[in-house]
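One-letter residues, chain by chain:
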Amino acid sequence: MPIDKRPGLTKQVLIDTALRLLDEVGLEGLTVRRLAAELGVQSPALYWHIRTKQELLDGMADAICRAPGMGPPRDDESWQDWLLRRARAYRTTLLAQRDGARVVAHARSLSPETVALFEQELTAMVERGFTPALALHTIASLTYYVNGFVLQEQAAAPSPGSLDRAPAVLVAALREGGGPIGEEAFEHGLRVFIDGTSAALSPG
C-alpha cells in the first residue's frame, strides 16, 4: 500500500523542524523516528523527502551555513573586513544552534544554491587579486578554523583544576585572560589568519 504523501510535508519543513528539535535533544537524540513523531507522522513518510539521515544532516548543515548570509563583499568593503564579518557571523550562528558545529562537520554535500553563493565569493576574491586556488584555500581554511573553534566551545566544559602546580608561564597567561577559548582567543586567531593571508597575497 503506498505511503500517504502529506501535502504540507516538504524537505524544508523537515529541515526546519530538525533544527528546532536539535536544540531540544542534541545530535545524539536526533533520529528519523524522533523527527517523525515531532511531525505527527510515521517514519516512512519522511522518505518521500529525504532518502537517508545523512541527507537530512546535509540539509541542516546547508541551512546553518547560509544563515549568516553568504555572498561576496559589499562594494565598499575590503576583503579583510569581509572575511572578518563572515567569520564572526558564522561563529555566532554555530553557537546559536546546539551542536551546530558538529552538524556542519558531519555534512557531506551542499545544495546547488549554496554552491552558487560560494562561487560568487570566490569570483569576488579573484577580482581582488587572489588566484582561484588561494581564494578557495582561504575560505576553506577560515571555515575550518571557525568550525573547530566552535566545536571546542560547544564541548562539555572541563572541570576547573588548581593552578598551584601548573607551569609559571601557563599560569601567567591564564591570569592575563589568555585562555584558549573565548572571544579574545577567537579574535586573535582571526588576526593571525588575516595577516597570514595578506602575506600570501603580497607579491614575493
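Summarised in this report is the structure supplied together with it. In this text, all values refer to a predicted model and were calculated from it rather than measured experimentally. (Residues numbered from 1 in each chain as written. Predicted model: local features only at pLDDT ≥ 70, side-chain atom pairs only at ≥ 80, totals over all residues. Heavy atoms only, no water.)

**With respect to the overall build of the chain**
A tally of regular secondary structure across the chain gives 10 helices and zero strands. Reading the helices (α) and strands (β) of the chain from amino to carboxyl end gives α-α-α-α-α-α-α-α-α-α. Classification of the 204 residues of the chain by burial places 38% in the buried group. Taking all contacts inside the chain whose residues are at least 6 apart in sequence as the whole, residues at least 24 apart take part in 76%. Carbon and sulfur atoms make up 56% of the accessible area of the chain, which totals about 11,900 Å². (Helix = DSSP H or I, 4+ residues; strand = E, 2+ residues; numbered from the N terminus. Buried < 20%, exposed > 50% of the residue type's maximum accessible area, 1.4 Å probe, protein only. Contact = heavy atoms within 4.5 Å. Areas by Shrake-Rupley, 256 points an atom, 1.4 Å probe, with all protein chains shown as cover.)

**Some details on helix 10 (residues 183–201)**
Helix length check: helix 10, at 19 residues, gives a terminal C-alpha distance of 27 Å against a target of 27 Å (1.5 Å per residue), a fit within 8%. All of the buried residues in helix 10 are Ala-185, Phe-186, Glu-187, Gly-189, Leu-190, Phe-193, Ile-194 and Thr-197. On its buried face, helix 10 sits against helix 5 (79–96) and helix 8 (132–154). (Expected span 1.5 Å × (residues − 1).)

**Topic: the packing of helix 1 (residues 11–29) against helix 4 (residues 53–66)**
Where helix 1 meets helix 4, the axes come as close as 9 Å, and the angle between the chain directions of the two elements is 90°. Taken together, the axes of helix 1 and helix 4 lie roughly perpendicular to each other. Where helix 1 approaches helix 4, its residues Lys-11, Leu-14, Ile-15, Ala-18, Leu-19, Leu-22 and Leu-27 are matched on the opposing element by Lys-53, Glu-55, Leu-56, Leu-57, Gly-59, Met-60, Ala-63 and Ile-64. Its residues assigned to classes, the contact of helix 1 with helix 4 comprises 11 nonpolar, one polar and three charged. (Axes fitted to C-alpha atoms, helices over the stretch in contact; angles between N-to-C directions. Parallel < 35°, antiparallel > 145°, perpendicular 65-115°, else oblique. Nonpolar A, V, L, I, M, F, W, Y, C, P; charged D, E, K, R; others polar.)

**A look at the packing of aromatic side chains**
As enumerated under the stated definition, the model contains four aromatic pairs in all. Consider the rings of Trp-79 and Phe-130, whose centres lie 5.2 Å apart with planes at 90°: the pair is edge-to-face. Of the two residues, Trp-79 is situated in helix 5 and Phe-130 in the loop between helix 7 (112–127) and helix 8; the sequence distance between them amounts to 51 residues. In this pair, the class of Trp-79 matches that of Phe-130, namely buried. Between Tyr-145 and Phe-149 the ring centres are 5.9 Å apart and the planes differ by 55°, which places this aromatic pair in the tilted class. Here Phe-149 and Tyr-145 lie together in helix 8, a separation of four residues that amounts to about one turn. Owing to a relative accessible area of 22%, Tyr-145 belongs among the partly exposed residues under this scheme. (Phe/Tyr/Trp six-rings, centres within 6.5 Å; stacked < 30°, edge-to-face > 60°.)

**Let's talk about the nonpolar core**
Membership of the largest hydrophobic core comes to 47 residues, with the highest contact counts inside it found for Leu-35, Leu-46, Met-60 and Leu-94. When sequence neighbours within four positions are dropped, the list of residues in contact with Leu-35 reads Leu-14, Thr-17, Ala-18, Leu-21, Leu-46 and Leu-56. (Core = buried A, V, L, I, M, F, W, Y, C linked by side-chain atoms within 4.5 Å.)

**Describing the side chain of Glu-77**
Examined against the element boundaries, Glu-77 turns out to sit in the loop between helix 4 and helix 5. Residue classification places Glu-77 among the buried residues on the basis of a relative accessible area of 7%. Within the local environment of Glu-77, its side chain forms a polar contact with the side chain of Arg-85, the two groups lying 2.7 Å apart. Once you skip the residues sitting within four places of it in the chain, Glu-77 turns out to touch Trp-82, Arg-85 and Arg-128. (Polar contact = N/O pair within 3.5 Å; in protein donor to acceptor, adjacent residues only side chain to side chain.)

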